Amino acid sequence: VGFAPEGDARMVAMAQRAVAGRARIRIDANQGFSAPQAIDFVSRLSSESIELFEQPCAAGDWVAHARVVPVARERGIPLMLDESIYSEREIERAAASGAAEYIKVKLMKFSSLARLEAAIARIRALGMKPVLGNGVATDIGCWMEACVAARHIDNAGEMNGFLKPRERLLADPLAFRDGAIEIAAGWSPRVDVAALDRLALARLRNG
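Quick caveat: nothing in here was measured; it's all calculated off a predicted structure.

A. Layout of a nonpolar patch on the surface. On the surface, Val191, Val193 and Leu196 cluster together to form a nonpolar patch covering roughly 240 Å² of accessible area. On the basis of relative accessibility, which here comes to 41%, the residue Val191 falls in the partly exposed class.

Rendered as structure tokens:
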């Protein structure tokens, strides 16, 4: 969503009818709404089957997002921040302001597995729920996030970026069945060097 409040709300209602209570729905505006548009959109929604509504307003516009919070809360629709979150500083800000029930994290933003795990722990410690995954990561990044998710995440992951490119970077592709990444015991990633060479846009050499 994030295009036109009335039309977007109709689309969500169609999804709710199709799901009929059999699954939870995540809605993502990808920063597409102004505060008035987001409020209009949320006001048209039923909370049935909606797990969360992600990033209604621009990443840096915390004031606009704050205007949406009470309306979403009244409608029973939990909010999630994604693009607004780049470090534990923003996690702390979201908690202090009551901006969201869910916080989305990605390996690319926290730069190491240890910092990603620390961010997940901090989200929980502050009374919010972490969601993990990058919809534009390669299979290498998605595999690393899946390993973290297996130990630290108890809801649906969003590490699905590897399903979108026409080519993969791993010689043995990640297995994906029934909506889940499956990693067999003893499996380890092997980079497809030929694929990297073929897909490379530039090369940097030392010396």
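B. Inspection of the environment of Ala58 at higher detail. Mapped onto the elements, Ala58 comes out in the loop between strand 2 (50-54) and helix 3 (62-75). For the pair Ala58 and Ile120, spaced 62 residues apart in sequence, the C-alpha to C-alpha distance is 23 Å. Apart from the residues lying within four places of it in its own chain, the contact partners of Ala58 are Gln31, Phe33 and Ser84.

C. Focus on the packing of aromatic side chains. The full count for this structure, using the stated rule, is 4 aromatic pairs. Summarising the aromatic geometry, the rings of Trp143 and Trp187 are spaced 6.2 Å apart at their centres and angled 65 degrees between planes, so their arrangement reads as edge-to-face. Of this pair, Trp143 sits in helix 7 (residues 139-152) while Trp187 is found in the loop between strand 7 (180-182) and helix 8 (193-199), placing the two residues 44 residues apart along the sequence. Taking relative accessible area as the criterion, Trp187 reaches 24% and is therefore assigned partly exposed. Joined through ring pairs, the aromatic side chains of Phe33, Phe41 and Phe53 make up one cluster. Against the face of Tyr86 rests Lys109, its NZ or CZ located 4.6 Å from the ring centre.

D. Spotlight on the packing of helix 6 (residues 113-125) against helix 7. Contact geometry of helix 6 with helix 7 gives a least axis separation of 11 Å together with a crossing angle of 40 degrees. Note on packing geometry: the crossing formed by helix 6 with helix 7 is right-handed. Across the interface between the two elements, Leu113, Leu116, Glu117, Ile120 and Arg124 from helix 6 touch Met144, Val148 and His152 from helix 7. Of the residues in the contact of helix 6 with helix 7, the class split is 5 nonpolar, 1 polar and 2 charged.

Rules of the game
- Residues numbered from 1 in each chain as written.
- Predicted model: local features only at pLDDT ≥ 70, side-chain atom pairs only at ≥ 80, totals over all residues.
- Heavy atoms only, no water.
- Patch = residues over 30% accessible without salt bridge, like charges linked within 9 Å, V, L, I, M, F, W, Y side chains within 5 Å.
- Areas by Shrake-Rupley, 256 points an atom, 1.4 Å probe, with all protein chains shown as cover.
- Salt bridge = Lys/Arg side-chain N within 4 Å of Asp/Glu carboxyl O.
- Buried < 20%, exposed > 50% of the residue type's maximum accessible area, 1.4 Å probe, protein only.
- Helix = DSSP H or I, 4+ residues; strand = E, 2+ residues; numbered from the N terminus.
- Contact = heavy atoms within 4.5 Å.
- Phe/Tyr/Trp six-rings, centres within 6.5 Å; stacked < 30°, edge-to-face > 60°.
- Lys NZ or Arg CZ within 6 Å of the ring centre and 35° of its normal.
- Axes fitted to C-alpha atoms, helices over the stretch in contact; angles between N-to-C directions.
- Left-handed = near helix turned anticlockwise from the far one by under 90°.
- Nonpolar A, V, L, I, M, F, W, Y, C, P; charged D, E, K, R; others polar.

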